[in-house]
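A look at the structure
In case you want the letters, here they are:
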Amino acid sequence: MGGGLFFSFLEQPTLADINNDGKKDIIVAYGEYIYVFNENGSYLEGWPKKIDTQCEWEALMQKGPAVADLDKNGFKEIVVGDNCGYLHVLNHNGTYLEGWPKNFYTYIDTISIEDINQDRNLEIIFGDWWSYLHVVDINGNYLEGFPQRFYIDTAPYFNMIFSGVVIGDVNDDSYKELIVVAEGCTTSTICELKDKISRIYVLDYQGNILPGWPKEFERKIKVILGDLNNDNQIEIVVGGTRGISIYSGDGLLVESVLIEDAEYIGWNGLSIGDINKNGKTEIAIIIMHSNGYHYLHLFERVEGRWEEMEGFPITYNWPQIKSDPSGYPLVGDLDTDFENEILVSMDGGGTLWGELPELYAYNSDGSIVQRFPKKIDDFLFGDGVVMEDIDGDGKNEFIAYTWKGHLFVWDSDGEAKNNEWPVFHHDPWHTGNYHACKPPTTKLISLDGKINPPFYINNLTPEILISGEANMRCRWGDEDLIYSQMPTSNECLVEGSNAICQLTDQGEDGEKKVYISCQDDFGND
């Protein structure tokens, strides 16, 4: 089995800093080639790269790659699967990591990456279209307890694991659990969305199904993770046929959000984040209604209940909104109003009126963000738009990839540091976890032995002590830069979870400003 492809562009592009220049690169995997672009549209050295796959049909990639520093050499690797069943792991310069690619025999779906067993090594996690879950190490060896197949006996046709594995610690045991959505069809002929059955499994790092699981749902569903009520417990958030269901790690249904007239989530998705910057988490979801239109809903928690925020839901409303929203709602900063915005793909219904499709973004009150919509040349199929800082100015760019094979990139005035859910599956690791890929949390302990500011230092080479996490790396400098951009000569000595930064001669008396940037051993700044 290898085919099953319809020639669309799914869950792309991926944004990550491949060459350690402090700027996010645009990474695309489609057809037979992987492409990596910088901020001006030029290829990075070594790219594009044609994949090395041999099978009876044409090897094609469709789902966006995951990106992480697997071998801990300071550069990130690109991991992607194809429809022939080959898994590809490539270095930042376009060469294959030794021993790759490897064949897993059927269509490989979305790749996720995490350290699920706390051995300080990242695992590669993916489902396939035979409904197998794979967890392998950097050498392609299976972790104990894997692979596993998740066959749905009530829907025995077209069984598969689709749209990625969500990863996070949902039972507070310090290990990461795997949330797997398997789906099947009740008919052996044409499998429509109404014929699908989905089942959620929650597994520990050894492949054991946790008590209280699985759960079965009608049609397609989407799953993400996040702490929705600030109780320091991660909830499992399910977007399904009639709305949103929120579960604890042990399978207890905590809350339900019924969306009136909703039919199914289909190819759409959901995300969470503090959109209006009030210190609380909102849920954004795009879901199909019975009238055939997709609606963007935004819910906030009010006095213990989830309620629709004023100005929502949003759908096609010509001529103000010329197409209904679709795909994954993304949460990040696009303007200067100190709040986040929701960026969505659109179906392109405005083309029926002889116009180009348009890309929309919405404020927390449902109004269209200033300087939107943006004209594009074709449809996006729901998930061809992302946002991040790709030119190193601290401001977000937002990027759309259309069915014509064109990338569009726009500047914005929004601060990238405010982003909450800027890309598909939240992050380049594709964890689907609101709390994943966070940088090390550091704290100043002392400056030349002094613990309370203001610091008056009579020493040309003072010592700064900070606390963080084990295996982090830190450098210091006189500019506000990320770790990889700091002078390599200014490396701090790390002992346990503390870093000791010995400054060089600071010159004449006066006020001095020193920056310290750290990176964990997974490459998160």
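Procedures and definitions
Residues numbered from 1 in each chain as written. Predicted model: local features only at pLDDT ≥ 70, side-chain atom pairs only at ≥ 80, totals over all residues. Heavy atoms only, no water. Phe/Tyr/Trp six-rings, centres within 6.5 Å; stacked < 30°, edge-to-face > 60°. Buried < 20%, exposed > 50% of the residue type's maximum accessible area, 1.4 Å probe, protein only. Salt bridge = Lys/Arg side-chain N within 4 Å of Asp/Glu carboxyl O. Helix = DSSP H or I, 4+ residues; strand = E, 2+ residues; numbered from the N terminus. Pairing = 2+ DSSP bridges. Axes fitted to C-alpha atoms, helices over the stretch in contact; angles between N-to-C directions. Contact = heavy atoms within 4.5 Å. Disulfide = S-S within 2.5 Å.

A closer look at the packing of aromatic side chains
- Scanning the entire structure with this criterion turns up 19 aromatic pairs.
- Centroid distance Tyr33 to Tyr35: 6.1 Å. Interplanar angle 35 degrees. Geometry classified as tilted.
- For Tyr33, a relative accessible area of 33% translates into the label partly exposed.
- Both rings, one in Tyr360 and one in Tyr362, keep their centres 6.1 Å apart while their planes meet at 5 degrees; by these two values the pair is stacked.

Here's the deal with the pattern of salt bridges
- Applying the stated criterion to the full structure yields 16 salt bridges.
- Here Glu11 and Lys63 are joined by a salt bridge, their closest N and O atoms 3.8 Å apart. Here Glu11, found in the segment before β1 (14-16), pairs with Lys63, found in the loop between β4 (49-50) and β5 (66-68); they are 52 residues apart in sequence, far enough to count as distant.
- Between Lys24 and Glu388 there is a salt bridge, and its shortest N-O distance comes to 3.4 Å. With Lys24 in the loop between β1 and β2 (25-30) and Glu388 in strand β31 (residues 385-388), this residue pair connects regions lying 364 residues apart in the sequence.
- Each of Glu11, Lys63 and Asp109 takes part in a single network of salt bridges with overlapping partners.

A word on the sheet that holds strand β20 (residues 243-247)
- With antiparallel pairing, the 4 strands of this open sheet are ordered in space as β18-β19-β20-β21. Only two strands of the sheet have a single neighbouring strand rather than two, namely β18 (222-226) and β21 (253-258). Taking each pair of neighbouring strands and ignoring which way they run, the sheet shows an average axis angle of 20 degrees.
- Taken together, the 5 bridges between β20 and β21 define a ladder with antiparallel strand orientation. What sits directly across from Tyr247, in β21, is Leu253.

Some words on the sheet that holds strand β34 (residues 443-447)
- Here 4 strands make up an open sheet; going across it, the order is β34-β35-β38-β37 and the pairing antiparallel. Two strands lie at the open edges of the sheet, namely β34 and β37 (493-495), each paired on one side alone. If you compare each strand with its neighbour and ignore which way they point, the axes differ by 25 degrees on average.
- Where β37 and strand β38 (residues 498-502) come together, 3 bridges link them in antiparallel fashion. Paired with Glu495 across the two strands is Asn498, which belongs to β38.

Thoughts on the environment of Ile161
- With respect to the helices and strands, the residue Ile161 is situated in strand β13 (residues 157-161).
- Considering only alpha carbons, one finds Ile161 and Leu133, 28 residues apart in sequence, at a separation of 7.6 Å.
- Leaving out residues up to four positions away in the same chain, Ile161 has contacts with Asp109, Gly127, Asp128, Trp129, Ser131, Tyr132, Leu133, Phe150, Val180, Val181 and Ala182.

As for the state of the cysteines
- Under the counting rule described, the total for this entry stands at 4 disulfides.
- Here Cys55 is linked by a disulfide to Cys84, with a sulfur-sulfur distance of 1.9 Å. Here Cys84 lies in the loop between β6 (77-81) and β7 (86-90) and Cys55 lies in the loop between β4 and β5, a separation of 29 residues in the sequence.
- On the accessibility criterion, Cys55 (30% relative accessible area) is partly exposed.
- For Cys84, a relative accessible area of 4% corresponds to the buried category.
- Between the sulfur atoms of Cys474 and its disulfide mate Cys518 the distance is 2.1 Å. On the sign convention where negative is left-handed, the bridge of Cys474 and Cys518, at about 105 degrees about the S-S bond, is right-handed. Linking Cys474 in strand β36 (residues 473-477) with Cys518 in strand β39 (residues 515-519), this pair joins segments that are 44 residues apart in sequence.

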